[in-house]
Amino acid sequence: MKTNIDEYVDNGTRNIYNIKSEAESAKKILGLSEEIVRNISKEKNEPDWVLDIRLKALDLYNKMEDPDWGPDISYLNIDELLTYVKPNTGENRSWEDVPDDIKEVFDKLGIPEDEKKSLAGVGAQFDSEMIYHNLTEKMKELGVIYTNFDVAIQEYPELVKEYFTKAVPLNDHKYIALHYALFSGGSFVYIPKGVKLDQPLQSYFRLNEKGAGQFEHTLIIVEDSASLEFIEGCSAPGYNELNLHAGCVELFVKNNAYLRFSTIENWSKNMLNLNTKKCYVEENGTIEWIMGSFGSKVSMLYPLSVLNGRNAKCEFTNISFAGKGQNLDTGFKVIHNAPNTKTVVNAKSISKDGGICLFRSYSWVKKNAKNSKLALSCESLMMDSESRSDTIPVNNIETSDCVFSHEASIGKISEKAIFYLMSRGMSEVEAKALIVRGFAEPIAKAFPVEYAVEMNRLINLELEGSIG
Amino acid sequence: MLKINNLYTIAEDDNDKKILNGLNLEINPGEIHVIMGPNGSGKSTLANTILNNPRYIVTQGNIEFEGKDITNMRTNEIAKLGIFMSFQTPEEIPGITLAHFLKSTKKSITGEKQSIVELSKEISDNMNKLDMNKSYLNRDFNVGFSGGEKKKNEILQMLTYNPKLVILDETDSGLDVDAIKTVVKGISLYKNDNNAVLIITHSTKMLEGLKIDKVHVLVNGKIVETGDISLANYIDQNGYKKYLGDNHEN
Ligand SMILES: Nc1ncnc2c1ncn2[C@@H]1O[C@H](COP(=O)(O)OP(=O)(O)OP(=O)(O)O)[C@@H](O)[C@H]1O
Ligand SMILES: [Mg+2]
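Keep in mind that this is a model prediction, so the values were computed, not measured.

### Brief notes about the overall build of chain B
Scanning chain B from terminus to terminus reveals 8 helices and 12 strands. For 250 residues, the compact-globule estimate of 2.2 N^0.38 gives 18 Å, and chain B sits close to it at 18 Å. For the C-alpha atoms alone, the extent of chain B along its principal axes is close to 60 × 40 × 35 Å. Across the 250 residues that make up chain B, the buried fraction comes to 52%.

Have a look at this one:
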């Protein structure tokens, strides 16, 4: 039982993300086969209908090909991947009951502390299983449900059946099929009609085991006139072995409902992050996506919003930071499927030391989406000439009664500005960090306060890591 | 205080472009010097070279500050020694407020932790001296500032850091008559027997009300004449014909 936090010390800033816990796991499964999928299902005591989904998904996975576009991920060998890693504890309601070696990791990440200060509920996953879930009494009394996804299958089967796989289908792409074959952990959230949460819920996903995959499933239903802010954090310590994250997020925002879904993701640089997110928004509903992508070796992530009811709204705010050896292929997709629907996209990317940031956008405005508005803005900052940044917009606009605007700018960090700041006493690293912070500021403002601070820390860490 | 010995520079991205050609200059504590010269003669290059802007390469000669050779020192280290330059074209830093900028750069320059309250008061006093509106503190640094406002912002920084040597690169250009007076007032308030000022300018307006010790004429990267304030007035009247003519004969 040892936590190795001194591994990465940079100008006095400890990289808390790199804490390698030597917590013993209770069970590890290597590779993928029908037997393995059946075993995982049995381990979780699942009803047959869930096992059927897993098996169907496995079959699809075996038949499907890697995408013929985007970054190369052909080196992923599923037979060498730990597809299920069970931590040495069940799910706890109190941090006191979480084993010390696991609790220490979450303490360092500041999760229990944030919970006390400003959260209505917290879930924490370690490798393949949730090890903690808790919701304030007040929320429980209001009928809010916030549990482990596996628990939801057992306790709210009707509700889960109604929504599970309905936003993201099994055959969406190869890695979502893999996800449905192996899914484990994640959060289930149900906000009843009219209930407005004044504090956020937060789920934190930590992948500790080297060479392992994480396949959590998050399902959120925000009923009519209800309102929720959900925060998702992800990180992993760095290893040489390839890790895989193929999570899935399904969101349902009903009439007049509001959901803000914030993600700050700092996977280690050995992570393949092939995540899938989708949201259905009904009449007058609002989805706000706030995303910060810092880590991973390769990311492929393009949240889709379907604006299904009149006046439905989507706001998408994203920042990506790619350093050496990172290829962040991200973006967003929207389908306007009703009149008066509105989309606002604000995306920024920073690339350095040969890092690649690509932002893809796909906007489909259907014929019935009269009087809809889309405003897209993408800005890229490159720290040097080896780095790459680009935006690829694809638009499919079927009605002329639509206001569409797209602004894109790609630029290199200004040598003049760096000199100016250095003439004011700042080192080159400090000068660059200040410029990047300023560039990211409009996005940082959208994040919850703790995460905005975190983001600035990440930027400093990323920049200090390589220079000097 | 500042001693420049036989300085030659070329541009980093254009090695054939010789900009400074054997320049000599000495400034003592308490003095105010003026450099005048035609467009493109190398005035901004001189200011940038003193702060070791990597875009300029010194091929010969050196620069000393308080007895120390600073020719190859990093720009931020030179700034920390107490040399400040007011830029001819100040930069904009989107997303960083003026207040944030002043606080973090003051700390970088002095290396000291000053209480926020004390520093805020200092900044506020300096803004009063320069007739600057304090709401600018919450605006992004120089973003959307007018040309004159940017120049005043340079002088605000000068007062806030309180350096030993100040280089003002055409701080007066773009300023209205009243703003020039305000800037001159700022310089007078800053100036004492231990610090020094180098004013780069195209006009004599900014020199009124200041006690000028020396005026240098810079042509083709070299100081061709040094005199007192009357030399500035002569150039104001007659321009640089005389010196350019000399060159033709060479
Ligand atoms: N980075 C550079 N690369 C190439 N040439 C340069 C560079 N910087 C300056 N120069 C050239 O060097 C010469 C001097 O430029 P400098 O900016 O120092 O002139 P100046 O005296 O300040 O002029 P002004 O009065 O117009 O401000 C000019 O001919 C200019 O074009
Ligand atoms: Mg100039």
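That shown, we press on.
### Digging into the interface of chain B and chain A
Contacts between chain B and chain A engage 31 residues on the former and 19 residues on the latter. Between chain B and chain A lies a buried interface of about 1900 Å² when both sides are counted; carbon and sulfur atoms form 66% of it. When residues of chain B are sorted by the area they lose upon contact with chain A, Asn76, Phe87 and Glu91 of chain B head the list and together hold 25% of the total. Remark: the boundary between chain B and chain A carries 2 salt bridges. A salt bridge links Glu154 of chain B to Arg424 of chain A; its shortest N-O distance comes to 2.8 Å. If you look at where chain B meets chain A, you find 6 residue pairs in polar contact (both at pLDDT 80 or more). Contributions of two or more residues to the side of chain B that touches chain A are made by helix 2 (75–81), strand 6 (83–86), strand 7 (93–97), helix 3 (98–110) and helix 5 (147–161) of chain B. Top element by residues in the side of chain B that touches chain A is helix 3 of chain B. It accounts for 6 residues. Classifying every residue of the side of chain B that touches chain A by side-chain character gives 14 nonpolar, 12 polar and 5 charged.

### Observations concerning the sheet that holds strand 5 (residues 68–69) of chain B
Residue and element names in this part refer to chain B. Taken in spatial order, the 4 strands make up an open sheet running 2-1-4-5, and their pairing is antiparallel. Since the sheet does not close on itself, it has two edges, and those belong to strand 2 (14–27) and strand 5, each with one partner. Where strand 1 (residues 2–11) meets strand 2, 8 bridges bridge the pair, whose relative direction is antiparallel. Directly across from Leu2, in strand 2, lies its bridge partner Ile27.

### What about the packing of aromatic side chains?
Within the structure shown, the criterion is met by 27 aromatic pairs over all chains. Arranged with centres 6.2 Å apart and planes meeting at 40°, the rings of Tyr420 of chain A and Phe101 of chain B form a pair that is tilted. You can see Tyr420 of chain A sitting in helix 9 (residues 415–422) and its partner Phe101 of chain B sitting in helix 3, one on each of two chains. As far as burial versus exposure is concerned, Tyr420 of chain A and Phe101 of chain B are alike and both buried. In textbook terms, an aromatic cluster arises when at least three aromatic residues are bridged by ring pairs, as seen for Trp49, Phe149, Phe164, Tyr180 and Phe183 of chain A. Directly above the ring of Phe183 of chain A sits Arg54 of chain A, whose terminal nitrogen or CZ lies 3.9 Å from the centroid.

### What to know about the pairing of strand 19 (residues 276–281) of chain A
Residues and elements named next belong to chain A. Of all 6 residues making up strand 19, 5 are buried, and the element is well covered by its neighbours. Of the strand pairs in this sheet, strand 16 (residues 248–253) and strand 19 are connected by 6 bridges, and their pairing is parallel. Within strand 19, the residue paired with Val249 across the bridge is Lys277. Across 4 bridges, the pairing between strand 19 and strand 22 (residues 304–307) is parallel. Its bridge partner lying in strand 22, Lys278 is registered against Leu304.

### Concerning the coordination of the magnesium ion (ligand 2)
For a metal bound by four donors in tetrahedral geometry, the ideal donor-metal-donor angle is 109.5 degrees, whereas six donors in octahedral geometry ideally sit at 90 or 180 degrees. With distances of 2.0 to 2.1 Å, the protein atoms coordinating the magnesium ion (ligand 2) are Ser44 of chain B (OG) and Gln88 of chain B (OE1). Separated by 44 residues along the polypeptide, Ser44 of chain B in helix 1 (residues 43–50) and Gln88 of chain B in the loop between strand 6 and strand 7 bring together distant segments of the chain.

### Some thoughts on the pattern of salt bridges
All names here are of chain A. Counted according to the given criterion, the structure contains 30 salt bridges over all chains. One salt bridge in this structure joins Lys27 and Glu43, with 2.8 Å as the shortest N-O distance. With a gap of 16 residues between them, Lys27 in strand 5 (residues 25–30) and Glu43 in helix 1 (residues 34–43) connect regions that are remote in the sequence. By relative accessible area, which is 30% here, Glu43 ends up partly exposed. For Lys44, the salt bridge is made with Glu129, and the minimal N-O distance between the two is 2.8 Å. Of this pair, Lys44 sits in the loop between helix 1 and helix 2 (48–63) while Glu129 is found in strand 8 (residues 129–135), placing the two residues 85 residues apart along the sequence. For Glu129, a relative accessible area of 10% corresponds to the buried category. The structure contains a network of salt bridges with shared partners spanning Lys27, Glu43 and Lys86.

### Some remarks on the domain arrangement of chain A
Partitioning chain A into structural domains gives domain 1 (6–301) and domain 2 (414–468). Here the C-alpha centre of domain 2 of chain A lies 30 Å away from the C-alpha centre of domain 1 of chain A.

### Considering the site of ligand 1
Residues and elements named next belong to chain B. Surveying the vicinity of ligand 1 reveals 17 residues, the closest of which are Gly40, Lys43, Ser44, Thr45 and Tyr56. Within the side chain of Asn39, an N or O atom sits 3.0 Å from an oxygen atom of ligand 1. A distance of 3.2 Å separates an oxygen atom of ligand 1 from a polar atom in the side chain of Glu170. In isolation ligand 1 offers 630 Å² of accessible surface; the protein chains occlude 75% of this area. Every element with two or more residues in the shell around ligand 1 is listed here: strand 2 and helix 1. Looking at which element gives the most residues to the shell around ligand 1, the answer is helix 1, with 3 residues. Taken together, the residues that form the shell around ligand 1 break down as 4 nonpolar, 8 polar and 5 charged.

### Structural notes on the sheet that holds strand 11 (residues 201–206) of chain A
Residues and elements named next belong to chain A. The sheet built from 10 strands is open, its strands ordered 8-7-11-14-17-20-23-25-27-29 with mixed pairing. The outermost strands of the open sheet, each flanked by one partner alone, are strand 8 and strand 29 (402–412). Going from strand to strand, the sheet's axes swing by 5° on average, the running direction of each strand aside. Two strands pair when backbone bridges link them, and strand 20 (residues 286–293) and strand 23 (residues 313–322) are joined in this way by 8 bridges, in the parallel orientation. Note on strand 23: the bridge partner recorded for Trp289 is Phe316.

### Brief notes about the packing of helix 3 of chain B against helix 4 (residues 116–129) of chain B
What describes two packed helices is the angle between their axes and the distance between those same axes. All names here are of chain B. One can describe the packing of helix 3 onto helix 4 by two numbers: an axis separation of 11 Å at closest approach and a directional angle of 115°. As for how helix 3 packs across helix 4, the hand of that crossing is right-handed. Counting all contacts with helix 3, which are made through Leu98, Leu102, Lys103 and Lys106, the residues of helix 4 involved are Ile116, Leu119, Ser120, Glu122, Ile123 and Met127. In the contact of helix 3 with helix 4, the residues fall into 6 nonpolar, 1 polar and 3 charged.

### Overview of helix 8 (residues 174–182) of chain A
Counting buried positions over the 9 residues of helix 8 of chain A gives 9, a clear majority of the element. Buried within helix 8 of chain A are the following residues: Lys174, Tyr175, Ile176, Ala177, Leu178, His179, Tyr180, Ala181 and Leu182 of chain A.

### Quick word on helix 5 of chain B
Residues and elements named next belong to chain B. Helix length check: helix 5 (15 residues) gives 22 Å between terminal C-alpha atoms against 21 Å at 1.5 Å per residue, within 8%. Most of helix 5 is tucked away: 13 of the 15 residues are buried. Note on helix 5: the residue one or two positions beyond its end, Asn162, has a positive phi of about 50°.

### Details of the environment of Ser173 of chain B
Residues and elements named next belong to chain B. The residue Ser173 is located in the loop between strand 9 (165–169) and helix 6 (177–190) in this model. Using a relative accessible area of 33% as the deciding quantity, one classes Ser173 as partly exposed. In the structure, Ser173 is positioned 33 residues away from Met206 in sequence and 9.5 Å away in space, judged by C-alpha atoms.

Criteria and cut-off values
- Residues numbered from 1 in each chain as written.
- Chains lettered and ligands numbered in written order.
- Predicted model: local features only at pLDDT ≥ 70, side-chain atom pairs only at ≥ 80, totals over all residues.
- Heavy atoms only, no water.
- Helix = DSSP H or I, 4+ residues; strand = E, 2+ residues; numbered from the N terminus.
- Rg over C-alpha atoms; globule rule 2.2 N^0.38 Å.
- Buried < 20%, exposed > 50% of the residue type's maximum accessible area, 1.4 Å probe, protein only.
- Contact = heavy atoms within 4.5 Å.
- Buried area = accessible area lost by both parts, 1.4 Å probe.
- Salt bridge = Lys/Arg side-chain N within 4 Å of Asp/Glu carboxyl O.
- Polar contact = N/O pair within 3.5 Å; in protein donor to acceptor, adjacent residues only side chain to side chain.
- Nonpolar A, V, L, I, M, F, W, Y, C, P; charged D, E, K, R; others polar.
- Pairing = 2+ DSSP bridges.
- Phe/Tyr/Trp six-rings, centres within 6.5 Å; stacked < 30°, edge-to-face > 60°.
- Lys NZ or Arg CZ within 6 Å of the ring centre and 35° of its normal.
- Donors = N, O, S within 2.8 Å, 3.2 Å for Na, K, Ca; no water.
- Domains from an automatic or database assignment.
- Near = heavy atom within 4 Å.
- Areas by Shrake-Rupley, 256 points an atom, 1.4 Å probe, with all protein chains shown as cover.
- Axes fitted to C-alpha atoms, helices over the stretch in contact; angles between N-to-C directions.
- Left-handed = near helix turned anticlockwise from the far one by under 90°.
- Expected span 1.5 Å × (residues − 1).

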